[in-house]
Amino acid sequence: GGGDSSSPDAVADRYRRGGGASNPRGASSSSGASAPATASSPAAASSPAGASSPTSTQGVLLDTSFGVKGDGTTNDRVALQRAIDGSIGQILLITGQSRIDVAGLDLRTNSHVRFASGASIKLLAHNTDTYEILRLADVNNVTLESPYLDGSKELNSAKSGEWGMGISINGATNCTITSPTTINCWGDGIYINNSDSKSNGYSTNITVNSHHATGCRRQGVSIISGSGITFNSPLWENIGGTAPGAGLDIEPNDNTAVFQN
């Protein structure tokens, strides 16, 4: 679903094949890779005034309190995952311009992640056609505010494939994503499907406000299965590089797909 008819959708099917989430297969810069589609980079981020402590009366935790560098160079994936895991039930504020490898990050039930103005997460150089920068897998009650995610397609030395996702939502429930920007993804800006691990588990009550996808190769958004899926005021532009090349593609993988509301 959501893919070229000649190939299965690996993001949905790799777990069923027993592959699980793979580690990056050697990050190397590509030669002759296409330049990223025009999209403005976030402005330099600054920490909010009075937020130097890991905790505050507002329940906001800074990513830097967990060792995140946000310097545009360091691989911050492990530190960011530690920050996500250590901020459940509170607000995690992403403050810098972080780089991560293609193993990606897992949001947890009751995660609330907010990106400060100018903050971003961008993939390091890689060689893979399958990744998910942020995963919402079998989680409930997740809030994402203003995530800015860059799939770095210009740094991908893979020559084919279509399964690199900015945000992947699989079997999640009651999640709200506000003002996400997903640029230069190898596949889709946002991908919504059934659970990878639970039978009859599909995504429900997912609301995405003001999504901007640009420079993605496959789709702005793929909806493979879900109930109560709402996109308010999206902008999907400059999509292309592999079929189908749609702004929005609603397409099942198989008869377990659910399409309601």
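Cut-offs applied
Residues numbered from 1 in each chain as written. Predicted model: local features only at pLDDT ≥ 70, side-chain atom pairs only at ≥ 80, totals over all residues. Heavy atoms only, no water. pLDDT = per-residue confidence, 0-100. Contact = heavy atoms within 4.5 Å. Pairing = 2+ DSSP bridges. Helix = DSSP H or I, 4+ residues; strand = E, 2+ residues; numbered from the N terminus. Phe/Tyr/Trp six-rings, centres within 6.5 Å; stacked < 30°, edge-to-face > 60°. Buried < 20%, exposed > 50% of the residue type's maximum accessible area, 1.4 Å probe, protein only. Lys NZ or Arg CZ within 6 Å of the ring centre and 35° of its normal.

Caption draft 1: Spatial organisation of the confidence of the model for the chain. Mean pLDDT over the chain works out to 85, with 78% of the residues at or above the 70 mark. Scored below 50 in pLDDT, residues 44-57 makes 21 contacts in the model with residues more than four places away or belonging to other chains.

Caption draft 2: Geometry of the sheet that holds strand β20 (residues 246-250). In space, the six strands of this open sheet follow the order β5-β8-β11-β14-β17-β20, with parallel pairing throughout. Edge positions in the open sheet fall to β5 (105-106) and β20, since each of these has one partner strand only. In this structure, strand β8 (residues 130-137) lies alongside strand β11 (residues 163-170), joined through seven bridges in parallel fashion. Opposite Thr-130, over in β11, you have Trp-163 as the bridge partner.

Caption draft 3: Looking closely at the packing of aromatic side chains. Going through the model one piece at a time under the given rule, you end up with one aromatic pair. Judged by centre distance (5.9 Å) and plane angle (75°), the ring pair of Phe-231 and Trp-236 falls under edge-to-face. Looking at Trp-236, the relative accessible area reads 24%, which means it is partly exposed. Above the plane of the ring of Trp-186 lies Arg-217, whose end atom (NZ or CZ) is 3.9 Å from the centre.

Caption draft 4: Looking closely at the pairing of strand β12 (residues 173-178). In terms of strand pairing, strand β9 (residues 143-145) meets β12 through three bridges, oriented parallel. Its bridge partner lying in β12, Glu-145 is registered against Thr-178. Of the pairings in the sheet, the one linking β12 to strand β15 (residues 204-209) comprises five bridges and is parallel in character. In the strand pairing of β15, Thr-173 is matched with Thr-204.

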